[in-house]
Every structure is written in structure tokens, then in C-alpha cells.
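Structural overview
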Amino acid sequence: MIIQAIFIVMTLCTLGGAVGVVSSRNLFHSALYLILSFFGVAGYYVLLSAGFLAVIQLMVYIGAIAILILFAIMFSRESAMNSAKESQANRQRWLGLPVAMGLFISLIAVIIPVNWPIQQTAPTTDMVRDLGVAFLTSYLIPFEVVSVLLSVALIGAVMLAREENPPVKETK
Amino acid sequence: MSGLYLPKEYLAILLFIVLGVGFGVVTLWIGQFFRMKRPYFEKLVAYESGNPPTDEPRMRFSVKFYLIAILFIVFDVEAIYLYSWALVYDKLGMFALVEMFIFIALLLVGYFYGWKKGALQWEK
Amino acid sequence: MPIIIPTLDFAALIPILAIITTGLVVLLLDIYVEDKAVLGYVSLIGLLATAIACFGLLTQTVAPTFQNMLVSDGYSLVLDLIFVVTATLSIMIALSYLPARDMQSGEYYALLLFATSGMMLMGAATDLIVVFLGLEIMSIALYVLAAFNRRQLGSGEAGLKYFVLGAFASAFFLYGVALTYGATGSTNLQTIAMWFSANPAYAHNPIAMVGLALLLIGFAFKIAAVPFQWWTPDVYHGAPTSVTAFMSVGAKAAGFAALVRLLLVSFGAIPDWRWVISWLAVLTMTGGNIVALAQKDVKRMLAYSSIAHAGYILVGVVPGTPDGVKGILFYLMSYAFMNIGAFAVIALLEQRDQIGSSIESYMGLSSRKPLLALMMLFFMFSLTGIPPFIGFWGKWYVFWAAVKGGASWLAIVGMINSVISAFYYLSVVVQMYMRSPTEPSELEFAPLSLPVTLTIALAGAVTLLLGLWPTPLIKLTALGIFG
């Protein structure tokens, strides 16, 4: 019973937050709604007994990515923060609506009737340790490649966010 | 929803969230019955440790913050990998050490590059 | 609990490791070296070493695999060579183009090399997780490269559009991976195939089908197939020309690399996707060609025509036979030479702020720069598919595979589309050879600098010579057959 209640609260957080993100007229508020939505997802991870993922969700998504988004809004043009009247919709929304609904309905139509295969084994007790073993043995390549990915992102960010233009020749 | 269950360890966290949110909401809600409400200009000004505010709070932030935040994310993610690695490190020994060394070395090159390119420098 | 340390076969990693190492070296050198052109030459040396390593590995009889995550079989090695050719030609263009635009910097070469390593990962991956990581490494590097010209708004727009839509497509891809995993219990391409053969009753498992559909959407975006092509013209047009050359070939080739392996290895037993790919091919060829007809700007015209080329290559995917794979590899290799060659000509003629890529700038080029005009003629003929140029053979093998695989109607649609494409490709030739030049004051050509001239000469020579004598390339692509 209490599980159901938590599940419903988490769903309200996730979906309500998501609706807030796309409907809020203030970009800053959208970012705050996003945090709510991230929080709801973290709750799902707990309910699925994936506690470590929940911690990652909190640390990376709420603790870092959401903050990054807030920064990005704060250094963009000032009107983005202040304007209370700017609607997010544009004239393509009536085109977007049927497409999004179509995708939603077809996904629902597929997912609802399916008999999902359910694992009979108990969930792993020491998830973090298993994860560590997996990273270092069978998922070695993805693990190392992630660091390349992170480096590329780092270089790209440094490159794009540098304040002045790349050094121009001083001659002339 | 038969697949869902809440491990006992999380009950404390649940309690913490409920009490934490509840305390804030309830005190504010009760407080509004007792407190006086006489707003005037000085009261409505943003509170800056008693000093009169000098600037609009909604100024543009420097893009430097963004770079710092990106650096933070990168090493935040790295910390997560480090954590799960640290738990099994003793079982895999040298092998795990080398693997992690490669992982960190790759990131360090990126970090070193950003450092030398002045991404960490606040003023030029 | 004992943990078994896996056996590692680093041979499978050699090409990728070579590229990543070169990228890191370039990045570190960038801090200390003042003359950034040196970094371009260092990159070229690294690419050469990679190519040599690929040829070395191609002679091996047993394909080394790395923990069922990566394989370095003939297919991935031939693709690696395609990526190396693409990166090499693009870096040679950049060596002229970047200093002329005042954008010379070391990050450019490092990011381009990292993007190449991502493409190689996609070609070699036998696990969807590795495919995704390769895709992201490639894409993130390309987003930044597209926005590389910070003095020009169009470039920033290109980077932003590519990023927003690319991130969206990545989400679709990831959702597809998740559903496929949910249905089959694995992300490994081989294991997915085994699951399908072990559970024939579930061959039309709706979750797997939707998973595949979402994966296809992700790929269709990366290869710019209609109706997922909307980003292409603006991104290709706005990005610096040397970047456009690189991503129009490299990103497409990488997308096809992973798509073909996924479809043939994992979903080979379920032929339903053939219909989807067929119609995607028809839409892509026709859509790209018809819109390209209306373009007045050569760079934009090539952007739309690159959509059409994705359609021709999709024709080769449909039969799902070794012939089709061979045709695709041949087509991609030939496309690398002719398309980058054409972009090199544009890079040479283009003036500041995208002026000079309009079709009028090509009026009477033959009388002013006869050799350059001749090379452009080669590329245009080759892109149309006129013999004896290499583009003809690419189309020939792809369409022939479709005919043999029982999809003759697709080959016919492809041929009709080639005829349509002749209109816009040849109109460039007409401008160059049959119109008198515009006022010389309007167009001042930047002095020809050596690397880009070499690129054009090299690409032009290959386009003609391999067209006249395609046997070496046929033999090479035959090594890449699987399926």
C-alpha cells in the first residue's frame, strides 16, 4: 500500500515536472521543474531496488546537470530569465501534437499488452560491487571509452566557451 | 505493481524526506496565522546581509561559470566510476589499477589541456 | 567470489588506439606548439600509421575480437580505411582553409581525430552499448566542429541545430537499445540474433519491433535519410566547408557501418525491416534530389544531394546480402573521394561569409582556372554516376546487389533518380564551361594554397583512375564482406 502511494507521488513528480518544463513561461522555472522530474526518476530507481542508480541520478542529474542548465540560462540573454510572458509554443505546435501523440499511443499500444519477461532470480544484493566488476571485466571497453567521451566533451566545452576569439595573428 | 518493493533501508530516507518537506511547509503555513503583514519598500528589497543592494540581481553570469560546471560534471561522473571501482579494486589488483589509470590518464589530458588553455583562469 | 580477469586481444583495438593516441598527442602539442599547421601534419602521420595498421590486420586470417564488444574483421577494417581517407582529405582541406579564415587552431585537428575514433568504434562495435558510445563521441566532436567558426552566425546556428536534433536522435536510439534489451535480454548483436533463432515464436515480438524501429530512427537521423533530414541543409551550409566535407562522408559512413551490421547480424532472421528500408530509400533518393534541383548555392546543393546519396546506399542495404555489403563499402569509399573533392573545390572558391558558393560564381571557371574546372567536372560527373568515373561503379554495385537480391524496382527508382540528379550536377558544369565569366572584380580568388590543391588533385585522380580501373577497390571491398 505504501509502495503504491510512493509510486504515485513519484509519478506525479516525474510527469508533473515534465509538463512544467515544457509549459512554464519562465525558462528559469522550467529548469526548476526539470529538477523535480529528475527527482521522481530517482524515486523510481529506488523502487526498482537500484539504489546506486538513484544516488547517481541525484548526484549527476540534480547535483550537476541541472546546475549546469541553470548556469546556461543565467548567462544567456537577460530576457530569458525575466520574461514572464514568453510562451514556449510556436506555430508548429499543431504539427508537433499529432506526431507526439502518435508516438505515445503506439508505444502504449505496444507496451501495455506485452508479457514482460520477469527474472526469477532475486535482485543483486551488492549492486555497486557487481557494477565495479562488470566495468573492469566484461564491460571494459565501454568503461574506457567513456573517458574518451568525457574528454571530448571537456575539450569541446573549453573550445566553445572560451571568451575571446581564437588568437588572431598580431601582425599588421 | 507486484514487482515493486521498498527495501527497508530506504524507509529512513523516506521518513527524512517527509519530515524535511513537512517541517518547512507546516511552519510557513502555521506562521502566516500569527505573523503581522505590513510590507513596505525596504522590507521587500532583496536581503543582502543588511547592505542595500547595488545591482539588479538578474545580471548575466560569466561564461566561466559554465566551464567550471562542465569540469565539475566530468569529474563528478568520474567519481562515480571511481567509487564502484574502489569496491572491487582489492580483488582484481594490478589489473584494476592499470584500467583505472588509463581511465584517469585520458581525463587528465583533457583537464591539463583545459588548464593550459586558461579555462580555470578567472581573469586574464 | 572469484573474479576472472578477462583475456584481452588488443589487436582488435589497434586502429582505434592509434587514432585516439594521435588525438591526445595533437591535444598536448597544441599547448606548446605555436605553428598549428604542424598539428595537422602530425594528424596526417597518425592517420597514415593507422592505415598501415589496417592493411596489416587485413592480411590476418582470424579476426581478433575484444570481449564480444569489438571486432576487427574485414568489414570494420575496410570501414576504418574509409574513415582514414575521409579524415585525411578533410585535414588536408583544413590545412588551407583554416588559416585563410583565421580559424587555425589545434583543437580542430584533435576533435576531428576523436570524431574519427568514434566512427571507427561504430564500425567495429558488436554491442549496442559500444555503438552508442561511438555515436556519441563522433557526434559531440562534430557538434563542436560545426560551430567552429565563431565569427560567423551561420556556423553557430549549424552547431546548435545539429546538437539539439542530434541529442533528440540519440535519445531515440537509446530508447531503442533499451527496448531491444528488454525483449531479447542482451545488447550484444550476436546474442540478439541467437535469441531470435531460439525463440522463433517471438520473431514478431512487438517490443523488439518497436525497439528496432526506434534504432532505425536514430540511424536515419545520422545518415540524413528522409524524413529525418531536416537538419542537413542548414548544418552542412553553415558549418565551415572543411567540416562539412568531413561529416557529410564520415558521419554517413559511420551510421551505415553500424546500421548494416545491426540489421544483418541481429535482425537477419526477421526480414520485415527490408520494407521499411526500401521505402526509406525511395523517399530519401527522391526527396533529396527534387529539393536539390531548386538550389542556387553549390554548397547547399551538395547538402541535399548528400541526402540523395544516402538513399542510393540504402538501396544496397535492402537485399542484406554480401553483394550488398560490398556495394555499400565500394560506394562509401568512392563517395569519400568524389564528395570531399567537390567540397575542396568549394573551399577553394568560397570567399568570406559564404559568398562565392553560389552557382553564379562558377560561371566561366573553365577559362580562368581550367584545371580546377576540369577537376570539378570530374567530381560532378562522378557524383551523377557517369562512366568512366568511380561514382558509376559505386552505383553499379549497389544497384546490381539490389537486382540480385530481388529488389529490381528499387534499382530502377535509383536509376531514375540518378537521371534527375544529372540536372543539377551538370548545371554546375554548364556554368563552368558554357557561360562567360562574371566581372573579375566580384570574385577575387584566394591564392591557391598547396594542401587543398593537393587534395583536389588527389581526389580527382582517384575519381578518374579507379573509375577506369576499379579492380583494386573491388578487391579491397571484397575483403569486407560478411552476412
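Residues numbered from 1 in each chain as written. Chains lettered and ligands numbered in written order. Predicted model: local features only at pLDDT ≥ 70, side-chain atom pairs only at ≥ 80, totals over all residues.

Looking only at helices and strands, chain B features four helices and zero strands. Secondary structure elements of chain B, listed N to C terminal, follow the sequence α-α-α-α. Burial status across chain B gives 18% buried among its 124 residues. (Helix = DSSP H or I, 4+ residues; strand = E, 2+ residues; numbered from the N terminus. Buried ≥ 20, exposed ≤ 12 C-beta atoms within 10 Å, placed from the backbone.)

The number of helices and strands found in chain C is 19 helices and two strands. Computed over the C-alpha atoms, the radius of gyration of chain C is 21 Å, within 12% of the 23 Å expected from 2.2 N^0.38 for a compact globule of 483 residues. In terms of overall dimensions, chain C has a C-alpha envelope of 75 × 55 × 40 Å along the principal axes. Relative to its full complement of 483 residues, chain C shows a buried share of 61%. The long-range share in chain C, meaning contacts at least 24 apart out of those at least 6 apart in sequence, stands at 81%. (Rg over C-alpha atoms; globule rule 2.2 N^0.38 Å. Contact = placed C-beta atoms within 7 Å.)

A common measure of how large an interface is: the accessible area buried when the components associate. Counting residues at the interface gives 44 residues for chain A and 42 residues for chain B. When residues of the side of chain A that touches chain B are traced back to their parent elements, those giving at least two are α1 (2-23), α2 (27-47), α3 (51-75), α4 (78-82), α6 (127-136) and α7 (140-161) of chain A. Sorting elements by how many residues they give to the side of chain A that touches chain B places α7 of chain A first, with 13 residues. Looking at the side of chain A that touches chain B residue by residue, the class counts come to 33 nonpolar, seven polar and four charged. (Nonpolar A, V, L, I, M, F, W, Y, C, P; charged D, E, K, R; others polar.)

Contacts between the two partners involve 22 residues from chain A and, on the opposite side, 31 residues from chain C. Where the side of chain A that touches chain C is concerned, the elements lending two or more residues are α5 (93-111) and α7 of chain A. If one sorts the elements of the side of chain A that touches chain C by residue count, α7 of chain A sits on top with 13 residues. Of the residues that constitute the side of chain A that touches chain C, the class distribution is 18 nonpolar, four polar and no charged.

All names here are of chain C. Assignment of secondary structure puts Lys222 in helix α8 (residues 206-222). Separated by 25 residues in the primary sequence, Lys222 and Ser197 place their C-alpha atoms 29 Å from one another. In this view, Lys222 contacts Ala169, Ala251 and Gly255; residues no more than four positions away in its chain are not counted.

Quick look at the confidence of the model for chain C now. Residues and elements named next belong to chain C. Put simply, chain C has an average pLDDT of 89, and 95% of its residues get 70 or more. Between the elements of chain C, mean pLDDT differs from a low of 80, seen in strand β1 (residues 65-66), to a high of 95, seen in helix α5 (residues 128-146). Two numbers describe this predicted complex: its pTM, 0.91, and its ipTM, 0.89. (pLDDT = per-residue confidence, 0-100.)

All names here are of chain C. The geometry of helix α4 (residues 106-124) relative to helix α10 (residues 241-266) is characterised by a closest axis approach of 7 Å and an angle of 20° between their N-to-C directions. Considered as vectors, α4 and α10 are oriented roughly parallel to each other. Seen from above, α4 lies across α10 with left-handed handedness. Counting all contacts with α4, which are made through Leu112, Ala115, Thr116, Met119, Met122 and Gly123, the residues of α10 involved are Phe246, Gly250, Ala253, Ala254, Ala257 and Ala258. Grouping the amino acids of the contact of α4 with α10 by side-chain chemistry returns nine nonpolar, three polar and no charged. (Axes fitted to C-alpha atoms, helices over the stretch in contact; angles between N-to-C directions. Parallel < 35°, antiparallel > 145°, perpendicular 65-115°, else oblique. Left-handed = near helix turned anticlockwise from the far one by under 90°.)

For the rest of this paragraph, the subject is helix α1 (residues 14-32) of chain C. For α1 of chain C, spanning 19 residues, the distance from its first C-alpha to its last is 27 Å, which sits close to the expected 27 Å at 1.5 Å a residue. Looking only at α1 of chain C, the buried set comprises Pro15, Ile16, Ala18, Ile19, Ile20, Thr22, Gly23, Leu24, Val26, Leu27 and Asp30 of chain C. Residues of α1 of chain C that are buried in the fold lie against α7 of chain A, α4 (94-116) of chain B together with α2 (37-58), α3 (74-100) and α4 of chain C. (Expected span 1.5 Å × (residues − 1).)

As a further point, take unusual backbone geometry. Residues and elements named next belong to chain C. Of note, the amide linkage connecting Val226 to Pro227 takes the cis form, showing an omega dihedral of 5°. Assignment of secondary structure puts Pro227 in the loop between α8 and α9 (232-238). A cis amide bond, omega 10°, links Pro387 with the succeeding residue Pro388. Relative to the assigned elements, Pro388 resides in the loop between α15 (370-384) and α16 (390-404). We note that Gln67 has phi near 50°; this positive angle belongs to a residue other than glycine. For Gln67, the position within the fold is in the loop between β1 and β2 (70-71).

All right, on to helix α3 (residues 64-92) of chain B then. The terminal C-alpha atoms of α3 of chain B lie 40 Å apart, and with 29 residues this matches the ideal 42 Å at 1.5 Å per residue to within 8%. Where α3 of chain B is concerned, the buried positions are Leu67, Ala69, Ile70, Ile73, Val74, Val77, Tyr81, Ser84, Trp85, Val88 and Leu92 of chain B. Elements that come into contact with the buried residues of α3 of chain B comprise α3, α6 and α7 of chain A together with α4 of chain B. Downstream of α3 of chain B by a residue or two, Gly93 of chain B has a phi angle that is positive, lying close to 60°.

Turning next to the environment of Gly405 of chain C. Residues and elements named next belong to chain C. Here Gly405 is to be found in the loop between α16 and α17 (408-434). Distance in space between the C-alpha atoms of Gly405 and Ile328 is 14 Å, their sequence separation being 77 residues. Residues in contact with Gly405, not counting those within four places in the same chain, are Val318, Pro319, Thr321 and Gly324.

To continue, consider the nonpolar core. Membership of the largest hydrophobic core comes to 243 residues, with the highest contact counts inside it found for Ala141, Ala146, Leu332, Ala344, Val345 and Met376 of chain C. It is helix α13 (residues 322-349) of chain C that contributes the most residues to this core, 20 residues altogether. Split by domain, this core shows at least three residues from each of two domains, domain 1 (1-86) and domain 2 (125-164) of chain A. Those residues in contact with Met376 of chain C, other than ones at most four positions away along the chain, are Ala342, Val345, Val428 and Met432 of chain C. (Core = buried A, V, L, I, M, F, W, Y, C linked by C-beta atoms within 7 Å. Domains from an automatic or database assignment.)

Right, let's get into the environment of Val298 of chain C. All names here are of chain C. Relative to the elements of secondary structure, Val298 occurs in helix α12 (residues 298-317). Between the C-alpha atom of Val298 and that of Ala342, which follows or precedes it by 44 residues, the distance is 9.6 Å. Residue contacts for Val298: discarding those within four places in its chain leaves Ile346, Ser357, Ile359, Tyr362 and Val428.

Before going further, it helps to spend a moment on the packing of α3 of chain C against α13 of chain C. Residue and element names in this part refer to chain C. Two numbers describe how α3 lies on α13: the axes approach to 10 Å, and their chain directions differ by 0°. In terms of their interaxial angle, α3 and α13 are classed as roughly parallel. Side by side, α3 and α13 meet where Tyr75, Val78, Ile82, Val85, Thr86, Leu89, Ser90, Ile93 and Tyr97 of the first sit next to Val325, Leu329, Leu332, Met333, Ala336, Ile340, Ala344 and Ala347 of the second. Counted by class, the contact of α3 with α13 contains 15 nonpolar, two polar and no charged residues.

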